[in-house]
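One letter stands for each residue in the lines below.
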Amino acid sequence: MILTFLLVVPIIGAISLIFLPRENKQLINWFAFAVTVVNVVISLHLYLLYDVSSEGYQFTLKIAWIPSLNVYYHIGIDGLSVFLILLTTFLSAIAVISSWTAIDEQVKEYMALMLLLETAVIGVFISLDLFLFYLFWEASLIPMALLIGRWGGKDRIYASIKFILYTMSGSALMLVAAIVVYNFGDGVNPTSDLPTLVAHSHLISEDMQKLLFFAFILAFSVKVPLFPLHTWLPAAHVQAPTAGSIILAGVLLKLGTYSMMRFAIPLFPKAVAFWSPLLVTLAVIGILYGALVALVQDDVKKLVAYSSVAHMGFVVLGIFVMDQNGMMSRQAMSAAVLQMVNHGLSTGMLFFLVGVLYERRHTREFSQYGGIWVKVPVFGSFFILAAFSSVGLPGLNGFVGEFLILMGTFSRNPVAALFATFGIVLAAWYILTAVRKILFGPFNPANNNLTDMNPREIGISLAFIIPCFFIGFFPNTLLKIINPSTESIASLVDTAILIVSK
Amino acid sequence: MPIEFPILNFFALSPIIVVIVLALIVMVVDMLSQDKTALGYLSALGLLGALIPCVTLLNQTKSPTFQNMVVSDGYAVVFYIIFIIAALLSILIALTYLEERGMQQGEYYILILLSTCGMMLMAASTDLIVTFLGLEIMSIALYVLAGFNRRLISSGEAGLKYFLLGAFASAFFLYGVAFIYGATGSTNIHDIGTWFTDNPSYQSNPIALVGLALLIIGFAFKVAAVPFHWWTPDVYHGAPTSATAFMAVGAKAAGFAALVRILSISFGGVFTVQWQVAISLLAVITMTGGNIAALAQKDVKRMLAYSSIAHAGYLLVGVAALPPTGDELYRVQAVSGLLLYLMSYTFINIGAFAVVALLEKRGEIGTKLSDYTALSTRQPFIAFVMLLFMFSLTGIPPFIGFWGKWYVFWAAVDAQLSWLAAIGMINSAISAFYYLSVVVQMYMRTEPAGDEAVPIALPAPIVVTVAVTAMFTLLFGLWPTPLIDLMSLGMFG
């Protein structure tokens, strides 16, 4: 039931918003924030109740949805999803509170969409039914597209349409593939129940799995986004309002990588070995390409956007890297899950800080800044911390994730590890360039009236940075929950490969 | 010589009879009363009443009656419900729409009711002659409705165009019936099917094949499938919006009702490969053609006309999924899918046309895309429901349009037509672009809207229509179980 609460609380909040007076923006702001905080509390409670020792899904609930078609409202979480849910509730609260001053028009609609988006994303993370998942997956598009298109920058409409068309075209084939899987069912009856389907995945022939895997992975890769399907991302990020970028980079991109691990691999384990080389190659290209393009940006938000392409490349690399015998790296896979959380925190924080600057100066061009450290030391310190977290400085969260992914990759595919390591060097280069161009160097007099962060903004930044340090120092707290889940996914692939090779 | 009286089960036809009697009553009251709006309310109430026998019929055992001419099986009854709802909702739109444009005449409601009778007859018919009768009763009333706004040239054009091309379609259909009669010696669709089973040597009879082809062409005209769709945009655009809403869903549903019954009963065992290929190709070009043409539209009413062509294409996917082997289970699935699709399309599309009717001013203005600019600030409720309808037409969950599409494509996948389902899904991604452009206009463009800033009047009947259809779209989208269970009753007797 507790998971259902997570879904329902934001919806109730969004509906209640309709009845609040439009003029009283203060009330709307506080109300929306309160709703997201309730969800944070529920998700923390969920985390505390989570039983580390037991394997498999927890907090499951399975009730009839369309019984005549064998489609159920089946939800539950495991080590894969528990931290992503925490990340979602946490970032939603931050996104809402960071919009308090940035959003001035149609605040009611804005907050309602934010809350609906939270529901849709949580829905994806807890669905254990193929069609329930598809419903939330597609539903998450609508609020995000509206947020970008209504409250975004100058080219917001172009960005919004590009976002929705890319993602919809990507998932078009997935629905057909999902129906095919549903039809195979448990061999007797069609079913969309994920655990049942996974248990019967051997019924589908290897060639068929390759085809279906492709249809699923196409949808997920657009969302991640994997090179070369990433072109919607910079457009969406640059145009989206700050809170939109935080949610987009922090949570929505993870829907793609999460679904790869939750659906694509367990449903089609026989196909993984076939597609893995391509996916690993694209991931490595994405790491290098994203970093190189980030290097030449003159808009700081675009830089962070392209850095996301690179970082998500690491996650995909960690998920799919395997040796020539088709053995997956558990270490890299667990680290990939950890890195999803890390990227959500560090990139979310970077977007937030860019938003702080933008609210004051209404520009994101590097040339408009320079030497502002003297004016805004608090901002500067947080920006440097966020940059270090993103680039993977030891002691902060990014280091653990990327290091473990590289270790795992090296043991399986040294060539990929070599190129990916080069990506880390590039990351340090572009992020430190950004820090230098904004904070240091000759003082740009245009920034004379720049004010430092207010208490609300400092509070938000602290909320970001504390978990970053926590993960950096105690990664095992998370890894011990994540490991059993990745272990079970990887062993599915191992068994499938043993069957195929026989 | 003893005279045998046929057994006539009038109760089986009670919904049709109720609607005919209603039309006659409205005709009489029309002569006596000056208050034409009251006629609309009377018709709407009567249609609500006609739903009652439908509900009782759903739980009855079905047997053909009137010498096997008609049958009120679950299939027919679900279609009755679709037609009655379509008529009811479009009458609610018409009440104020006609009044504001000085077209408030009793004949409008009579024609809608008569046309509904024709549709119901098509769904119930088990004889090609009765099907033709229903087709004509429906169509002739629709020709007049299309040209109802006689002061407007475009409406006159719509009426004439629809009449001429519709007459062609009827001729094709009748010619097809003649060929089939020539080949099999019967017009009863069950007898035709049995004849083919009893005479296996005639199973590749070219005369019957030509007849079937002509029949399909006739229906393709009526449901606006590419390449027989040329009349559609002009007719849908020129006709009064309330009539367009009715035509777009009612005539399409009626066409599919008859087509599906004839194909699966008469031709369930013969020429299946031929008609499956033909219908599949028709589906591909209809979906693609309709969607691509809709992309270029700058007028919402016209865009909805092209989109209705595209939806005919998705429905044809479901028709192509009718049994290749005559396996009962697959047929049940395809038929349920088609019914679910048509039922949801009825609500969504009438809702969308109701919004178009609301924003339309006298004459032809008010249907352009630019007239929808910043509707979200001018009229948030209407903008919100239009958003629901647009996403639902795209087929995005959690709206009911998704389940219709899902079910139809499921039937296609089961019939080994996954490629057709894939083309269908790619098409619905294309369609997202033009449906989205309405949302973009309403929600994302905020330029001052000039004279469009005039407040929009919200007449109660139209608000009821959009509220009902929006609730349907959203609630059944989240919980489609009751609707799916209803559709599973919609089987041939």
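Residues numbered from 1 in each chain as written. Chains lettered and ligands numbered in written order. Predicted model: local features only at pLDDT ≥ 70, side-chain atom pairs only at ≥ 80, totals over all residues.

When helices and strands are counted, chain A shows 19 helices and two strands. For chain A, the C-alpha radius of gyration of 22 Å lies close to 23 Å, the compact-globule estimate for 502 residues. Overall, chain A is about 70 × 55 × 40 Å in size when its C-alpha atoms are taken along their principal axes. A burial count over chain A gives 60% of its 502 residues as buried. Long-range contacts, defined as pairs at least 24 residues apart, comprise 81% of the intrachain contacts of chain A with a sequence gap of at least 6. (Helix = DSSP H or I, 4+ residues; strand = E, 2+ residues; numbered from the N terminus. Rg over C-alpha atoms; globule rule 2.2 N^0.38 Å. Buried ≥ 20, exposed ≤ 12 C-beta atoms within 10 Å, placed from the backbone. Contact = placed C-beta atoms within 7 Å.)

This part is about the overall build of chain B. A tally of regular secondary structure across chain B gives 19 helices and zero strands. For a compact globule of 493 residues, the expected C-alpha radius of gyration is about 23 Å, and chain B comes in at 22 Å, within 12% of that figure. With the C-alpha coordinates aligned to their principal axes, the bounding extent of chain B is approximately 75 × 55 × 40 Å. Looking at chain B residue by residue over its 493 residues, the buried ones come to 62%. In chain B, 81% of the contacts between residues at least 6 apart in sequence involve partners at least 24 apart.

What follows concerns the interface of chain B and chain A. Taken together, the 26 residues of chain B in the interface contact 29 residues of chain A. Where the side of chain B that touches chain A is concerned, the elements lending two or more residues are α16 (400-414), α17 (418-444) and α19 (481-487) of chain B. With 13 residues, the top contributor of residues to the side of chain B that touches chain A is α17(B). Here the side of chain B that touches chain A is composed, by residue class, of 20 nonpolar, four polar and two charged. (Nonpolar A, V, L, I, M, F, W, Y, C, P; charged D, E, K, R; others polar.)

Moving on: the pairing of strand β1 (residues 58-66) of chain A. Residues in a regular strand point their side chains to alternate faces of the sheet. Residues and elements named next belong to chain A. One ladder, built from six bridges, connects β1 with strand β2 (residues 71-77); its direction is antiparallel. By the bridge assignment for β2, Q58 is matched with I77. Between the antiparallel neighbours β1 and β2 lie four residues, among them N70 with a positive phi of about 65 degrees. (Pairing = 2+ DSSP bridges.)

Direction vectors running N to C along helix α7 (residues 156-184) of chain A and α16(B) enclose 60 degrees, while the axes themselves pass 10 Å from each other. Relative to α16(B), the element α7(A) lies oblique. Between α7(A) and α16(B) lies a crossing whose hand is right-handed. Two secondary-structure elements touch here, α7(A) through V176(A), I179(A), V180(A) and N183(A) and α16(B) through F409(B), W410(B), V413(B) and D414(B). (Axes fitted to C-alpha atoms, helices over the stretch in contact; angles between N-to-C directions. Parallel < 35°, antiparallel > 145°, perpendicular 65-115°, else oblique. Left-handed = near helix turned anticlockwise from the far one by under 90°.)

Here we take up unusual backbone geometry. The step from F227(A) to P228(A) runs through a cis peptide bond, and the omega angle for that step is 0 degrees. You can see P228(A) is positioned in the loop between α9 (206-223) and α10 (232-239). Cis geometry marks the peptide bond from P397(B) to P398(B); its omega dihedral reads 0 degrees. Examined against the element boundaries, P398(B) turns out to sit in the loop between α15 (380-394) and α16. You will see that N70(A), though not glycine, has its phi angle at about 65 degrees, which is positive. The residue N70(A) is located in the loop between β1 and β2 in this model. Judged by C-beta crowding, with 18 C-beta atoms within 10 Å, N70(A) ranks as partly exposed.

Turning next to the confidence of the model for chain B. Of all residues in chain B, 96% attain a pLDDT of 70 or more, and the chain-wide mean is 88. The complex model carries a pTM of 0.92, and its ipTM stands at 0.90. (pLDDT = per-residue confidence, 0-100.)

Okay, the environment of L133(B) next. Structurally, L133(B) can be placed in helix α5 (residues 128-146). For the pair L133(B) and M119(B), spaced 14 residues apart in sequence, the C-alpha separation works out to 9.8 Å.

Below, the discussion takes up the packing of α16(B) against helix α18 (residues 460-478) of chain B. Residue and element names in this part refer to chain B. Running from N to C, α16 and α18 cross one another at 55 degrees; their axes reach a closest spacing of 7 Å. Between α16 and α18, the crossing angle belongs to the class labelled oblique. Taken together, the residues of α18 that come into contact with α16 (itself represented by I400, F402 and W403) are F472, T473, F476 and G477. The class makeup of the residues in the contact of α16 with α18 is five nonpolar, two polar and no charged.

All names here are of chain A. Taking 1.5 Å of rise per residue, 26 residues should cover 38 Å, and helix α11 (residues 242-267) covers 36 Å from first to last C-alpha, within 8% of that figure. The sharpest bend along α11 measures roughly 40 degrees and falls at M260. The element α11 is largely enclosed, with a buried count of 26 among its 26 residues. (Expected span 1.5 Å × (residues − 1). Bend = angle between axes of the 7 residues up to and from the residue.)

Before going further, it helps to spend a moment on the environment of A123(B). All names here are of chain B. Secondary-structure assignment places A123 in helix α4 (residues 106-124). Using a count of 28 C-beta atoms within 10 Å as the deciding quantity, one classes A123 as buried. It is 9.2 Å that separates the C-alpha atoms of A123 and L259, two residues lying 136 residues apart in sequence. Contact partners of A123, with chain neighbours within four places excluded, come to A76, F79, Y80, A254 and A257.

Turning next to the environment of S92(A). Residue and element names in this part refer to chain A. Along the chain, the position of S92 falls in helix α3 (residues 79-102). With 183 residues separating them along the chain, S92 and W275 place their C-alpha atoms 34 Å apart. Non-local contacts of S92, meaning those with residues more than four positions away in its chain, are made with T36, N39, M114, E118 and I247.

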